[in-house]
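Each chain, written out:
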Amino acid sequence: PRSRLRAFESWMREHGVVCSDALRLDASEAGGVYVRALAALREGDVVATIPRRACLTPRTSGAAAAIKDAQLGGTLALAVAVMYERARGADSPWHDYLRLIPDCEPVPLVWPEDEAARLLAGTELDKTVKQDREFLCEDWKECIEPLISSGELGVKPDDLSLEKYFAAKSLLSSRSFRIDKYHGSGMVPLADLFNHKTDGEHVHFTKSDASDSDEEEDGDDQSNTDLDEEGDDDQNNVELVEEEDGDDQSNASADEQSTVENSTANPSGEGSNDEDLEMIIVREANPGDEVYNTYGTMGNAALLHRYGFTELDNPYDIVNIDLTLVTKWCSSKYSHRYAKARVSLWHMLGYSGCTSEDAEYFEISYDGEPQLELLILLYIIFLEPEVYDKLVCVSEDLVGDDDQDDEQDTIDSFAKVVKVTRPAKNGVEKLPDVKKLLQSEGIGSALASIADIRESLYGSSTLKDDEEKLRACSPVGERSIYHSLVLRVSERKILGRLRKHASSWPKTKKRKHT
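Presented here is a report on the structure given in the accompanying data block. Since the structure is predicted, the reported quantities are computational estimates derived from the model, not experimental observations.

**Observations concerning the packing of helix α10 (residues 323–333) against helix α12 (residues 372–381)**
Now for step 1: Contact geometry of α10 with α12 gives a least axis separation of 12 Å together with a crossing angle of 20°. Classed by the angle they form, the pair α10 and α12 counts as roughly parallel. Crossing of α10 over α12 shows right-handed handedness. Residues L323, V326, W329 and C330 of α10 form the contact with α12, whose own contacting residues are L374, L377, L378 and I381.
Now for step 2: Split into classes, the residues belonging to the contact of α10 with α12 amount to eight nonpolar, no polar and no charged.

**Digging into unusual backbone geometry**
Only a minority of non-glycine residues have a phi that is not negative, and only a minority of peptide bonds are not trans.
Now for step 1: Residue Q71 is not a glycine yet carries a positive backbone phi of 55°.
Now for step 2: In this structure, Q71 sits in the loop between α2 (64–69) and α3 (74–88).
Now for step 3: The exposure class assigned to Q71 is partly exposed, which follows from its relative accessible area of 44%.

**Quick look at helix α11 (residues 336–348)**
Now for step 1: Helix length check: α11 (13 residues) gives 18 Å between terminal C-alpha atoms against 18 Å at 1.5 Å per residue, within 8%.
Now for step 2: Buried within α11 we find Y338, A339, R342, V343, L345 and W346. What you see down the axis of α11 is that its buried residues fit within an arc of 155°, all on one side. Seen from the open side of α11, the exposed residues pointing more than 90 degrees away from its buried face are H336, R337 and K340.
Now for step 3: Where α11 is buried, its residues touch α10, β11 (360–364), α12 and α13 (385–398).
Now for step 4: Where α11 ends, the next residue or the one after it, G350, has phi of about 95°, a positive value.

Procedures and definitions
Residues numbered from 1 in each chain as written. Predicted model: local features only at pLDDT ≥ 70, side-chain atom pairs only at ≥ 80, totals over all residues. Heavy atoms only, no water. Axes fitted to C-alpha atoms, helices over the stretch in contact; angles between N-to-C directions. Helix = DSSP H or I, 4+ residues; strand = E, 2+ residues; numbered from the N terminus. Parallel < 35°, antiparallel > 145°, perpendicular 65-115°, else oblique. Left-handed = near helix turned anticlockwise from the far one by under 90°. Contact = heavy atoms within 4.5 Å. Nonpolar A, V, L, I, M, F, W, Y, C, P; charged D, E, K, R; others polar. Buried < 20%, exposed > 50% of the residue type's maximum accessible area, 1.4 Å probe, protein only. Expected span 1.5 Å × (residues − 1). Arc of directions from axis to C-beta.

All quantities given are derived from atomic positions and should not be read as evidence of function.
Shown next as structure tokens:
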């Protein structure tokens, strides 16, 4: 690593990449690279500048013409650019940069398929990684196989193999950045060497020209481009899709196609902005400190999926409970017809859980707090038949025109339901605290049962078994086992907090017989 570091430092000087003398690039014991401070760093210091022409993008790559001819866009185009430049070896302008970074990142996508299925069973990534493989195999067959057959790139077929495609996608998930509208996403040498630390970053990646700021969808330049680029940044909604605006990569939009119009003969091109990219200090660091970037506030499921690592005691961890699991519990307690009718009324009243492409689910927060909509569903499930029938009759009148944008909106909506299901006596009884109605003994017992069903997905091992395995596991030598255990243990602890949370709710007082 040290010899590759010296070659990369020479490469930076040749390509106009400036790294402050207050920073030092070092090799870690595990063979990676990290950045540490040699001098005190103060807020506002610019510690690195990177010309856009030094970035590896579909526009700057030698494969630009072939990418344009194949009408590829988004990260699919960037993956082809990375594979092509790797295949060129020493002839690539980015050779010394590509030698420094690994061939692939240790994300679950590149784990052996049977190992990923075994280690991730029951976790938030169980189905996600399987879907990743399916989608990427389809992409490769539809878009990259024809490129291989055409021979236009002049590289060996193995250089664009499915395995190499997976490897390139793993690099993009953890190392690429959104540069601007012209270049799209790209590999930004030096910027990708700063490791992540949740809520502890020292630097931010930014543009020196404010004209690009309106091109960022969320204004957060720190989050590297990842496998899950569409939609929101929900840390557990991590299905793999291709492009930020949802366009299919094999049928690129006008914006996507515009990112591949230029070749390396004119890497700036009409409409591009070649102002330098910058790394700016946003938190002070002392000499000797490692200097961190941040990829955003993510739970371990998203960190492992996108970047290949986890963090112990990550406060952004959550657990999802699928609506189908709640329906399964309700069907076992009552009947399938009963469960279907209660869920239908819940939806009719304007409620829903979180949604992904093919699922509806509820989030359980790190401290074990269940999503409010789940509690409301359980309240409706426990309604007596005559009260349920009454609520069905007036349900259309209870649905407002406004969306339920926050918790207070949901509570206000539920208050209308309460007025129907618990009418005031003589018109003078004060409406009860609606949140307390959702913390009944029955709902608490239901949550405990649902938590048990959710935990059964992990298999026969217990939380104690997993904790013992984690303590004995090496994060370096057994990386995939270690990080999957961190994820499992965290999720199971959250389910334990959910049970504890629900058990603390008031018990129904039993009447004394005289």
